[in-house]
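Notes for the structure review
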Amino acid sequence: MDSRDTTLPDRAGQPPAADASGLPEVVDQVALARLYGEPLFALPQDLYIPPDALEIFLEAFEGPLDLLLYLIRKQNFNILDIPMAAVTRQYLTYVDEIRTRNLELAAEYLLMAAMLIEIKSRMLLPPKKTAEGEEAEDPRAELVRRLLEYEQMKAAAFRLNELPQLGRDVLRAQVYIEQSLQPRFPDVHIDDLQEAWRDILRRAKLVQHHKITREELSVREHMSLVLRKLQGRKFVEFEQLFDPARGVPVLIVTFIATLELAKETLIELTQAEAYAPIYVRLAYQPA
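A few points on the structure. (Residues numbered from 1 in each chain as written. Predicted model: local features only at pLDDT ≥ 70, side-chain atom pairs only at ≥ 80, totals over all residues. Heavy atoms only, no water.)

**Here we look at the pairing of strand β4 (residues 267-271)**
Selection criterion: Whether two strands pair depends on DSSP finding at least two bridges between them. In this text, helices come from DSSP runs of H or I with a minimum length of four residues, and strands from runs of E with a minimum of two, each type numbered from the N-terminal end.
Sheet topology note: the β4/strand β5 (residues 278-282) ladder contains five bridges and is antiparallel. Residue pairing for β5: Leu269 is matched across the bridge by Val280. Here β4 folds back onto β5, and the loop between the two strands holds six residues, one of which, Tyr275, carries a positive phi near 65 degrees.

Listed below in structure tokens is the structure:
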């Protein structure tokens with residue numbers, strides 16, 4: 001069908017306007033469809049639709065057991081006392097329907113149909129007693145067991161499907177936190193401070209003095225000396241605060257003064273990483 005020969009009235013009852021090429025100017029809401037970019041205002045008369053192009057399945061089953069369970073529950077049959085004649089008749093009706101459409105799909109259903117017919121035929125025969133004199137088991141027992149197990153698994157699958165699922169019911173929250181560009185140095189561990197102190201003592205022992213004198217040392221005075229060394233400087237290496245030439249007593253007092261300053265939060269001890277040099281700086285920066 002050529003859309004160039006089609007002229008249908010618009011919603012107001014007037015034929016659509018045509019452009020210079022003869023094509024009617026119609027918006028997409030009026031045209032039924034577009035074929036190769038051209039609007040169609042009526043279905044082609046020679047359009048062929050195969051009879052099996054559209055199939056509607058009112059009920060979908062996942063296998064023979066699902067179909068059997070559906071037939072039993074739909075008619076409120078007792079699953080422990082299945083009326084085999086009625087169920088087999090309805091089951092075969094369904095199998096005949098799907099066999100005409102999909103032979104491969106009907107194969108497993110035909111196998112179950114054969115099992116139903118066998119159970120029905122065994123029920124028609126007189127029951128046989130076992131060697132111990134007991135009555136034989138009901139021919140439907142195995143089928144009932146399989147149906148009950150399948151129903152339990154189906155119910156469990158339904159309950160699992162009702163649970164919230166990531167991507168279907170809930171979404172994972174994602175929050176992007178902008179990291180600070182200013183590096184944060186780790187705190188100095190007490191073991192690192194002790195190791196640095198022992199290293200200073202080892203180097204101090206290399207300087208030997210034979211002159212014995214008694215000197216009174218003030219912790220407060222050395223605290224002022226440490227602050228004076230840090231004044232105006234951004235960082236000072238921990239070892240530069242000590243003068244090994246002045247002897248061990250001065251080193252001890254200087255170390256105590258450093259600890260007191262750190263305790264009073266007047267100085268900060270920082271270290272970039274483990275076993276790295278320790279640096280000292282003033283906790284405040286004068287204006």
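**Brief notes about the environment of Lys234**
Summarising the element assignment, Lys234 is placed in the loop between α6 (219-230) and β3 (236-237). Counting along the chain gives 47 residues from Lys234 to Arg281, while the straight-line C-alpha distance between them is 6.1 Å.

**Focus: the side chain of Thr88**
As a reminder, the rule being used: The buried label applies to any residue whose accessible area, calculated with a 1.4 Å probe on protein chains only, is under 20% of its type's maximum; exposed applies above 50%, and partly exposed to all values in between. Polar contacts, as counted here, are pairs of nitrogen or oxygen atoms within 3.5 Å of one another; within protein the pair requires one atom able to donate a hydrogen and one able to accept it, and residues that are adjacent in sequence qualify only if both atoms are side-chain atoms. Residue contacts are counted whenever heavy atoms from the two residues lie within 4.5 Å of one another.
Relative to the elements of secondary structure, Thr88 occurs in helix α2 (residues 84-99). Residue classification places Thr88 among the buried residues on the basis of a relative accessible area of 9%. A polar contact is formed between the side chain of Thr88 and the backbone oxygen of Met84, at a distance of 2.5 Å. The residues touching Thr88, leaving out its near neighbours within four places in the chain, are Leu116 and Ile117.

**Quick look at the environment of Val144**
Inspection of the secondary structure assignment puts Val144 in helix α4 (residues 141-162). A relative accessible area of 9% places Val144 in the buried class. Contact partners of Val144, with chain neighbours within four places excluded, come to Ile79, Leu80 and Ile82.

**Looking at a nonpolar patch on the surface**
For the record, the criterion: To count toward a patch, a residue needs a relative accessible area above 30% and no salt bridge. Like charges then connect within 9 Å, nonpolar side chains (Val, Leu, Ile, Met, Phe, Trp, Tyr) within 5 Å. A 1.4 Å probe and the Shrake-Rupley method give the accessible areas. Residues count as covered only by the protein chains that appear here. We define a salt bridge as a side-chain nitrogen of Lys or Arg found within 4 Å of a carboxyl oxygen belonging to Asp or Glu.
A contiguous nonpolar patch, built from Val248, Ile252 and Ile256 and spanning about 190 Å² of accessible area, is present on the exposed surface. Locating Ile256 in the fold gives a position in helix α7 (residues 248-263). By relative accessible area, Ile256 is classed as partly exposed at 36%.

**Details of unusual backbone geometry**
Positive phi, normally seen in glycine, also occurs at Thr265, with a value near 55 degrees. Along the chain, the position of Thr265 falls in the loop between α7 and β4.

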